[in-house]
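Descriptive structure summary
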Amino acid sequence: MNFLRGVMGGQSAGPQHTEAETIQKLCDRVASSTLLDDRRNAVRALKSLSKKYRLEVGIQAMEHLIHVLQTDRSDSEIIGYALDTLYNIISNDEEEEVDDVEEENSTRQSEDLGSQFTEIFIKQQENVTLLLSLLEEFDFHVRWPGVKLLTSLLKQLGPQVQQIILVSPMGVSRLMDLLADSREVIRNDGVLLLQALTRSNGAIQKIVAFENAFERLLDIISEEGNSDGGIVVEDCLILLQNLLKNNNSNQNFFKEGSYIQRMKPWFEVGDENSGWSAQKVTNLHLMLQLVRVLVSPTNPPGATSSCQKAMFQCGLLQQLCTILMATGVPADILTETINTVSEVIRGYQVNQDYFASVNAPSNPPRPAIVVLLMSMVNERQPFVLRCAVLYCFQCFLYKNQKGQGEIVSTLLPSTIDATGNSVSAGQLLCGGLFSTDSLSNWCAAVALAHALQENATQKEQLLRVQLATSIGNPPVSLLQQCTNILSQGDKIDRRGSKIQTRVGLLMLLCTWLSNCPIAVTHFLHNSANVPFLTAQIAENLGEEEQLVQGLCALLLGISIYFNDNSLESYKKEKLKQLIEKRIGKENFIEKLGFISKHELYSRASQKPQPNFPSPEYMIFDHEFTKLVKELEGVITKAIYKSSEEDKKEEEVKKTLEQHDNIVTHYKNMIREQDLQLEELKQQVSTLKCQNEQLQTAVTQQVSQIQQHKDQYNLLKIQLGKDNQHQGSYSEGAQMNGVQPEEIGRLREEIEELKNNQELLQSKLTEKDSVIENLKSSQTSGTNEQSSAIVSARDSEQVAELKQELATLKSQLNSQSVEITKLQTEKQELLQKTEVFAKSVEVQGETQTVIATKTTDVEGRLSALLQETKELKNEIKALSEERTAIKEQLDSSNSTIAILQTEKDKLELEITDSKKEQDDLLVLLADQDQKILSLKNKLKDLGHPVEEEDELESGDQEDEDDESEDPGKDLDHI
């Protein structure tokens, strides 16, 4: 602590000798006193002195205070005093008032003291761990000063303290419990503590987020009244920004947890008479910034689009548009809302379409885009608001060709409102482009350039726009009017920057002419344009005009590079000769480099949002800087190329285009074949489903046969019992003239059963022959094509049918055995009848008794006949079911034949497809060799080979691989 003593000695005004002695005595009492009351009183006295005599108390008492925290944890009062004293020593919040002359030095010295005492405290990491353990105490006098002390440590030496807490077991989790404290003071200071803890530390941010911080913070914001809440809402929003900004993991967790939906009530601001307090404005500003964090253009595109989708689905975008069109909204909130809506719709087609449909609550209703553009071209509006509207328009058109077409269409003659009752977006842009306000000129030019960005169709459509300059004069094209204003230069008196209008028009023309040879031809068709550009580039002007010279050089270079040589007087070679004679190639390239060397160029290239401190800095557009970076190198190479190299390059380009057309043709053929293969696969899957259905039907038939088998077994058992009864009562029966007739009937039924058996036997023989034929055909088919799934499944189905027929055969055999038993029983019955006839002559005296028994026998015999009839009916039913099974077998055979035919067709189509693909591969290989040789020629000639060509060749190889895969897949079927 010698350095602290040096600081103490250097102070101009220190404590009196008596105060220093007092502090020393108090420290001795804390260290040596055995009574807790004495130590408590001494620490309380040190607390009272720590604010005024911060340095002395810190030097002498810090070690003793830490010892108190370690040993006297049972007494919450002394712990609270010790924590308050340490907070007064380390914190820079409350300082003694000093004179104005000494204020700066005193503040710096105070900050040095705080950081030095913090460094002493955290030198032993156990001190921070001890402080974290004290925060678990529920006592208010311990937890609250502990929270304040830890917050002060984080403010002084944040990264070091963060690292200690990060490695401490359950360190962050203990601090998260502060948000659940029922005492608002501790909860609110806990939010401030977590703010300092999560600042610029991604690891801690993730831990805090997964400790359910989002849920708790959103609950607090809701309890406090959302945007109408106080300073607590502001602190919670700042903490949420710390957790989400530049942290993709937490952003994804926030989205997946459906927390975006809970943000919608924040923006329900009520009517215009509710008032806008300063705190409400601050809260809403932070809420809008939080939405922008989730959809920032710097985030990964996938994460941004998913958040944009969620914001539309939950109605958050609709709520923001309501604020956008509301009245009475403060200007800074309106500006931030416009910026927020801009990034919510940027690059996401669904949100852009919705924004295009939003109307302002006016009479008649006007589209929101038109109302915003009216503010952009109105020079009385605040500068930041105009920048925000421009950003919103740019985001609406970003990757939105549909929106670009709608904007350009409002300028075309067929869509302009002849009555003049309504103002379109195109008319507002033209009005701003040709006004006397240079800032409006620049904004309108950049906005119109974004309507043409990467859209060759709209560049050509914009050439049709005609403007009426004055009564009696013929209309001129928009392109010609832009060049006319550009050539007038400073002749027109404009408000604002001198070069802003020309820079805006040159950026518009460069964007318009790039990648559009038709627009280049229209531009060169005006004979005054090229001399104007060469004169501007050749002059030696001041530093302000150097940027204009660079942009003119870029425009002339675009006219050369994208020239299709359709104008005889302005072919590529003649323009290059003109540059060499009047400007000089080296001078031209030097002037072209003025653009990227400008101090505002790098600033504009960093972020898409046009954020400028003042109108004078509004020179470059973000998308235009990308265009310059893309074209500067190729224009430089094009200037130095000879005419022969240009001709060779044109020939190579034409050849490459032809090859590209051939490759595209073959790609389309491969795609068609892929579609055909997909259709064939679907047909195969359909046949598989049909086969499964047939198998299911067969399974159902098997179950039905099993049920009939069970019924037959029951009948057989019942018939056996009846035979036993017949044997018992037939011993005493007497023939009365009826019994021989019944016996004749039984014989006839037996004959019928025999006939049925023979019929079933013949049918079974026929089925056996059919099965043998199917088996032989199936075996030959399997040997020929064992890899076909359809044939395999058909063989399985036939095997199952064979097994079922074998079961039926066994059942018929069992029926035959049963019929044989019935025949033997009938023979026995006939023998017994003859015995009864003989006994009638011997036993005539018992005729009366036998007559009664005969009646009983007749009844039983009639029952037996009835049961025999039922058995006959069951056998007929079985015969009918056998017939049905045979019909199903026939249908299965026909299905097998159909499947075999379809399989043969598929194999033929697959073979043809493989042959065609092999031919295509050979052709594509030849084409690749030719393209490679042409590229080598281009490289030898010094022409750069574009990456798109390489990517196209890579795509060709990928698609060739993909075209082979379906054939491989079909080989496995």
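Residues numbered from 1 in each chain as written. Predicted model: local features only at pLDDT ≥ 70, side-chain atom pairs only at ≥ 80, totals over all residues. Heavy atoms only, no water.

As annotated in an unreviewed UniProt entry, the protein is General vesicular transport factor p115 from Rhinopithecus roxellana.

A separate point is the overall build of the protein. When helices and strands are tallied, the protein shows 41 helices and four strands. In the protein, of all internal contacts separated by at least 6 residues, the share reaching a separation of at least 24 is 75%. Carbon and sulfur atoms form 50% of the exposed surface of the protein, whose accessible area is close to 48500 Å². (Helix = DSSP H or I, 4+ residues; strand = E, 2+ residues; numbered from the N terminus. Contact = heavy atoms within 4.5 Å. Areas by Shrake-Rupley, 256 points an atom, 1.4 Å probe, with all protein chains shown as cover.)

Bringing the side chain of Gln-701 into the picture now. Relative to the elements of secondary structure, Gln-701 occurs in helix H37 (residues 643-729). Exposure remark for Gln-701: the relative accessible area of 17% places this residue in the buried category. What Gln-701 contacts, discounting residues up to four positions off in sequence, is Ile-885 and Gln-888. (Buried < 20%, exposed > 50% of the residue type's maximum accessible area, 1.4 Å probe, protein only.)

Moving on: the pattern of salt bridges. According to the stated counting rule, one finds 22 salt bridges in the structure shown. Where Arg-143 meets Asp-181, a salt bridge forms, and the shortest distance between an N and an O atom there is 2.7 Å. Taken together, the residues Arg-143 in helix H8 (residues 140-156) and Asp-181 in the loop between helix H10 (171-176) and helix H11 (184-198) connect sequence positions 38 residues apart. Where Glu-256 meets Lys-255, a salt bridge forms, and the shortest distance between an N and an O atom there is 2.7 Å. (Salt bridge = Lys/Arg side-chain N within 4 Å of Asp/Glu carboxyl O.)

The axes of two packed helices give the description: the angle between them and the distance between them. At a closest axis distance of 9 Å, the pairing of helix H20 (residues 349-357) and helix H22 (residues 383-397) adopts a crossing angle of 125 degrees. Taken together, H20 and H22 sit at an angle that is classed as oblique. Only Cys-392, Cys-395 and Phe-396 of H22 make contact with H20, whose side of the interface consists of Gln-352, Phe-355 and Ala-356. A breakdown of the residues in the contact of H20 with H22 according to their chemical character gives five nonpolar, one polar and no charged. (Axes fitted to C-alpha atoms, helices over the stretch in contact; angles between N-to-C directions. Parallel < 35°, antiparallel > 145°, perpendicular 65-115°, else oblique. Nonpolar A, V, L, I, M, F, W, Y, C, P; charged D, E, K, R; others polar.)

What follows deals with the layout of surface pockets. With a probe scaled to a water molecule rolled over the atoms, the places where space remains empty come into view. Considered as a void within the structure, the second largest pocket measures approximately 900 Å³ in volume. In this structure, the second largest pocket is lined by 34 residues; those nearest its centre are Arg-292, Glu-343, Lys-607, Gln-609 and Asn-611. Within the residue set of the lining of the second largest pocket, elements represented by two or more residues are helix H16 (278-294), helix H19 (331-345), H22 and helix H35 (599-604). Residues of the lining of the second largest pocket, tallied by class, amount to 13 nonpolar, 13 polar and eight charged. (1 Å grid on protein atoms, 1.4 Å probe; cavity = no way out; pocket = protein on both sides within 12 Å on 5 of 7 lines; lining within 4 Å. Points joined across faces, edges and corners; volume = space filled by probe spheres on them.)

The next subject is helix H29 (residues 517-525). Within the sequence span of H29, burial applies to Ala-519, Val-520, Thr-521, Phe-523 and Leu-524. Lining the buried residues of H29 we find helix H27 (478-488), helix H28 (500-513), helix H30 (529-538), helix H31 (543-561) and helix H32 (572-582).

This part is about helix H7 (residues 125-134). Burial analysis of H7 places seven of its ten residues in the buried class, which makes it a mostly covered element. Among all positions of H7, only Asn-127, Val-128, Leu-130, Leu-131, Leu-132, Ser-133 and Leu-134 are buried.

What follows covers the environment of Leu-509. Residue position: Leu-509 is located in helix H28. Counting along the chain gives eleven residues from Leu-509 to Val-520, while the straight-line C-alpha distance between them is 9.7 Å. Other than its neighbours up to four places away in sequence, Leu-509 contacts Leu-479, Cys-482, Thr-483, Leu-486 and Leu-555.

Going through the model one piece at a time under the given rule, you end up with twelve aromatic pairs. Taking 4.5 Å as the distance between ring centres and 35 degrees as the angle between the ring planes, the aromatic pair formed by Phe-210 and Phe-253 counts as tilted. Of this pair, Phe-210 sits in helix H12 (residues 202-210) while Phe-253 sits in helix H15 (residues 248-256), and the two are 43 residues apart along the sequence. For Phe-210, a relative accessible area of 51% puts it in the exposed group. Taken together, a centroid distance of 5.0 Å and an interplanar angle of 85 degrees make the contact between Phe-214 and Phe-254 edge-to-face. Of this pair, Phe-214 sits in helix H13 (residues 213-223) while Phe-254 sits in helix H15, and the two are 40 residues apart along the sequence. Relative accessible area serves as the criterion here: at 0%, Phe-214 is assigned to the buried category. By the ring-pair criterion, three or more aromatic residues cluster together here, those being Phe-210, Phe-214, Phe-253, Phe-254 and Tyr-259. (Phe/Tyr/Trp six-rings, centres within 6.5 Å; stacked < 30°, edge-to-face > 60°.)

Let's shift gears to unusual backbone geometry. Between Asn-363 and the following residue, Pro-364, the backbone shows a cis peptide bond with an omega angle of -5 degrees. Tracing the chain through its elements places Pro-364 in the loop between strand S1 (359-360) and strand S2 (366-367). In this model, Met-170 sits at a positive phi of 60 degrees, which is unusual for a non-glycine residue. Tracing the backbone shows Met-170 in the loop between helix H9 (158-167) and H10. Met-170 sits in the exposed class, given a relative accessible area of 56%. In this model, Asn-226 sits at a positive phi of 55 degrees, which is unusual for a non-glycine residue. Note that Asn-226 resides in the loop between H13 and helix H14 (231-244). Given a relative accessible area of 17%, Asn-226 falls into the buried group.

Bringing the packing of helix H4 (residues 54-71) against helix H5 (residues 76-90) into the picture now. One can describe the packing of H4 onto H5 by two numbers: an axis separation of 9 Å at closest approach and a directional angle of 145 degrees. For the pair H4 and H5, the sense of crossing is left-handed. Contacts from Arg-54, Val-57, Gly-58, Met-62, Leu-65, Val-68 and Leu-69 of H4 reach H5 at Ile-78, Ile-79, Ala-82, Leu-83, Thr-85, Leu-86, Asn-88, Ile-89 and Ile-90. Its residues placed into classes, the contact of H4 with H5 shows twelve nonpolar, three polar and one charged. (Left-handed = near helix turned anticlockwise from the far one by under 90°.)

Taken together, the side chains of Glu-909, Asp-912, Glu-916, Asp-918 and Asp-919 define an acidic patch exposed on the protein surface. Turning to its location among the elements, Asp-919 is positioned in helix H40 (residues 847-940). (Patch = residues over 30% accessible without salt bridge, like charges linked within 9 Å, V, L, I, M, F, W, Y side chains within 5 Å. Lys, Arg positive; Asp, Glu negative; His and termini not counted. Charge placed at Lys NZ, Arg CZ, Asp CG, Glu CD.)

Position of Gln-394 relative to the elements: it lies in helix H22. On the basis of relative accessibility, which here comes to 5%, the residue Gln-394 falls in the buried class. Here the side chain of Gln-394 touches His-450 through a polar contact of 3.4 Å, side chain to side chain. Leaving out residues up to four positions away in the same chain, Gln-394 has contacts with Val-446, His-450, Pro-608, Pro-610 and Asp-621. (Polar contact = N/O pair within 3.5 Å; in protein donor to acceptor, adjacent residues only side chain to side chain.)

Detailed reading of the predicted model is not advised wherever pLDDT is low. In the predicted model, the protein carries a mean pLDDT of 81, and the fraction of residues at 70 or more is 77%. Contacts from residues 836-851, a stretch scored under 50 in pLDDT, to residues over four places away or in other chains number eleven contacts. Across residues 962-973 the pLDDT falls below 50, and counting only partners more than four positions away or on other chains, this stretch makes 19 contacts in the model. (pLDDT = per-residue confidence, 0-100.)

Moving on, we get to the environment of Ser-514. Along the chain, the position of Ser-514 falls in the loop between H28 and H29. For the pair Ser-514 and Leu-627, spaced 113 residues apart in sequence, the C-alpha to C-alpha distance is 8.7 Å. Those residues in contact with Ser-514 that lie beyond four places of it in its chain are Lys-459, Ile-558, Phe-562, Leu-627 and Leu-631. Looking at Ser-514, its side chain comes within polar contact range of the main-chain oxygen of Thr-511, at 3.0 Å.

A separate point is the environment of Asn-587. By the secondary structure assignment, Asn-587 is in helix H33 (residues 585-592). For Asn-587, a relative accessible area of 23% puts it in the partly exposed group. Along the primary structure Asn-587 and Ala-538 are separated by 49 residues, whereas in three dimensions their C-alpha atoms are 8.2 Å apart.

We now examine the state of the cysteines. This model, assessed by the stated rule, comprises zero disulfides. Here Cys-510 stays free of any disulfide, with the sulfur of Cys-552 as its closest cysteine sulfur at 8.5 Å. (Disulfide = S-S within 2.5 Å.)

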